[in-house]
Amino acid sequence: VDGAFGHGTHVAGLIRAVAPSAHILPFRVMDSEGRGRLFKILLGLEAALERDVDVVNLSFRLSQPSGLMDEVLDRLLARGIRVVAAAGNHPGEPVYPASHPGVLAVSASDGDLLASFSARGDLAAPGVLVVSSYPGGLRAVASGTSMASALVSGCVALLGPADPADPYGAARLLESTATHLEDSEVGLVNPWAAVLGLTAVPAGSGGGSSR
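As a convention, each chain's residues are numbered from 1 in the sequence order in which they are written. Where totals are concerned, whole chains, interfaces and linings use all residues; where local detail is concerned, this predicted model gives features only for residues with pLDDT of at least 70, and gives and counts side-chain atom pairs only at 80 or more. The side-chain values count all of the structure's non-hydrogen atoms but skip hydrogen atoms and water molecules.

Quick notes on the overall build of the protein chain
Operational definition: Put simply, DSSP marks the helices as runs of H or I at least four residues long and the strands as runs of E at least two long, and each gets a number from the N terminus on. Values of the radius of gyration come from C-alpha atoms, whereas the globule rule sets the reference at 2.2 Å times the count of residues to the power 0.38. Under the scheme applied here, a residue whose accessible area is under 20% of the maximum for its type counts as buried, over 50% as exposed, and between as partly exposed, the area being computed with a 1.4 Å probe on protein chains only. In this analysis, two residues are considered to be in contact whenever any of their non-hydrogen atoms come within 4.5 Å of each other. Shrake-Rupley sampling with a 1.4 Å probe provides the accessible areas, and residues are treated as covered by the protein chains on show and by no other component. By the counting rule applied here, Lys and Arg register as positive and Asp and Glu as negative, while His and the ends of each chain are not counted. Every charge is mapped onto a representative atom, which is NZ of Lys, CZ of Arg, CG of Asp or CD of Glu.
When helices and strands are counted, the protein chain shows six helices and nine strands. Computed over its C-alpha atoms, the radius of gyration of the protein chain comes to 17 Å, within 12% of the 17 Å expected for a compact globule of 211 residues. For the protein chain, the C-alpha atoms occupy an extent of roughly 60 × 35 × 35 Å along the three principal directions. Here the protein chain, with 211 residues, has 44% of them falling under the buried criterion. Sequence-distant contacts, at least 24 apart, represent 61% of the contacts inside the protein chain between residues at least 6 apart. For the protein chain, the exposed area adds up to about 10800 Å²; of that, 54% sits on carbon and sulfur atoms. In the protein chain, which carries 14 positive and 20 negative side-chain charges, the distance between the mean positions of the two groups comes to 8 Å.

What follows is the structure, given as structure tokens:
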């Protein structure tokens, strides 16, 4: 799968694989060569704000931070919209926009290890030889933090809408229930444990959920 064809379909398929009932609103911001202009990305994010979505997945990186992008990301986060982004396919710190405060940066795992190509984010998900949808009703194998980010976005969607009083609750729950990778402090996402944590009822309680 390359950046010019099939990347978005592959990512969308992974989100639906984790959260089958998720309603995906795809916004194409890349051209035929897999490159995107900041203006089109901002239009996509503004559309997400207008639609009042629950989760925004950003399986791309920008060459440098942007003040305009920062402003829109802050508005998304202030609205309680969870933003998940690929940490980047080069070891080191998460790339932008994954490095923006409040954005959940996702690394790629390779089994029980951090993938050799992955930056270290807040959380990890499988990102090596991942099978998902491809245009034409096909399946394809791809590797990258884009795939890992999509899987985590699916996990966030699986946990339901954000609590307005605790917009970062889903991220904390995913991090607290993650399994640490053998070679990294980054936790490997565990959707089952997160869902159990979301629905857990303390002993002696008459109901409700704990987060």
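What about helix H3 (residues 67–78)?
Residues spaced three or four apart along an α-helix point in a common direction, a consequence of the helix completing one turn every 3.6 residues. The following threshold applies: For a helix, the expected span equals 1.5 Å multiplied by the number of residues minus one. This arc corresponds to the set of directions leading from the helix axis out to the C-beta atoms.
Between its first and last C-alpha, H3 extends 16 Å over 12 residues, near the 16 Å set by a 1.5 Å rise per residue. Residues of H3 that are buried: Met69, Val72, Leu73, Leu76 and Leu77. Relative to the axis of H3, the buried residues are bounded by an arc of 140° and lie together on one face. Opposite its buried face, H3 presents the exposed residues Gly67, Leu68 and Ala78, each directed more than 90 degrees away.

Digging into a nonpolar patch on the surface
Our working definition: Like-charged residues within 9 Å of one another, or nonpolar side chains (Val, Leu, Ile, Met, Phe, Trp, Tyr) within 5 Å, are grouped into patches, provided each residue has over 30% relative accessible area and no salt bridge. Within this document, salt bridges are pairs made up of a side-chain nitrogen of Lys or Arg and a carboxyl oxygen of Asp or Glu, the two lying within 4 Å of each other.
A grouping of Leu129, Val131 and Val141 is seen on the molecular surface, where their side chains present a nonpolar patch of about 300 Å² in accessible area. Mapped onto the secondary structure, leucine 129 falls in the loop between strand S5 (123–126) and strand S6 (130–134).

Section: helix H1 (residues 7–18)
Taking 1.5 Å of rise per residue, 12 residues should cover 16 Å, and H1 covers 17 Å from first to last C-alpha, within 8% of that figure. Looking at H1, one finds that the buried residues are His10, Val11, Gly13, Leu14, Ile15 and Val18. Where the residues of H1 are buried, they touch strand S1 (55–58), S6, strand S7 (138–142) and helix H4 (145–158).

Overview of the pairing of strand S2 (residues 82–86)
Inclusion rule: Any two strands between which DSSP finds at least two bridges are classified as paired. With its strands directed away from the observer, a crossover is right-handed exactly when the path from the first strand over the helix to the second travels clockwise.
Burial analysis of S2 places five of its five residues in the buried class, the great majority of the element. Burial along S2 is two-sided: the residues Arg82, Val84 and Ala86 and Val83 and Ala85 are all buried. Judged from the four bridges that link them, S1 and S2 form a sheet pairing that is parallel. Among the inter-strand pairings, asparagine 57 is bridged to a residue of S2, identified as valine 84. The parallel pair S1 and S2 is bridged by H3, and the resulting crossover is right-handed. Where S2 lies against strand S3 (residues 104–110), three bridges are found, and the strand directions are parallel. Opposite valine 84, over in S3, you have leucine 104 as the bridge partner.

Digging into the confidence of the model for the protein chain
Should the pLDDT be low somewhere, the predicted coordinates at that spot are not to be read in detail. In plain terms, the rule: pLDDT expresses, on a scale from 0 to 100, how confident the predictor is about each individual residue.
Summarising the model, the protein chain shows a mean pLDDT of 88, and 91% of its residues fall at 70 or more. Counted against residues more than four places away or in other chains, residues 201–211, with its pLDDT under 50, gives 11 contacts.

Section: the pairing of S5
Here S3 pairs with S5 via four bridges, running parallel. Paired with alanine 108 across the strands is alanine 125, a residue of S5. Pairing geometry for S5 and strand S9 (residues 187–188), over two bridges, is parallel. Residue leucine 123 lies in a different strand from S9, and its bridge partner there is glycine 187.

Some thoughts on the packing of H1 against H4
This is how it is decided: Simply put, an axis is a line fit to the C-alpha atoms, just over the touching stretch for a helix, and the angle between two N-to-C directions goes from 0 to 180 degrees. It is the rotation of the near helix from the far one that decides the hand of a crossing: anticlockwise by less than a right angle makes it left-handed, clockwise makes it right-handed. Basically, the charged four are Asp, Glu, Lys and Arg, the nonpolar ten are Ala, Val, Leu, Ile, Met, Phe, Trp, Tyr, Cys and Pro, and anything else, Gly included, counts as polar.
Contact geometry of H1 with H4 gives a least axis separation of 7 Å together with a crossing angle of 35°. Crossing hand, H1 versus H4: right-handed. Two secondary-structure elements touch here, H1 through His7, His10, Val11, Leu14, Ile15 and Val18 and H4 through Ser146, Met147, Ala150, Leu151, Ser153, Gly154, Cys155 and Leu158. Split by residue class, the contact of H1 with H4 holds nine nonpolar, five polar and no charged.

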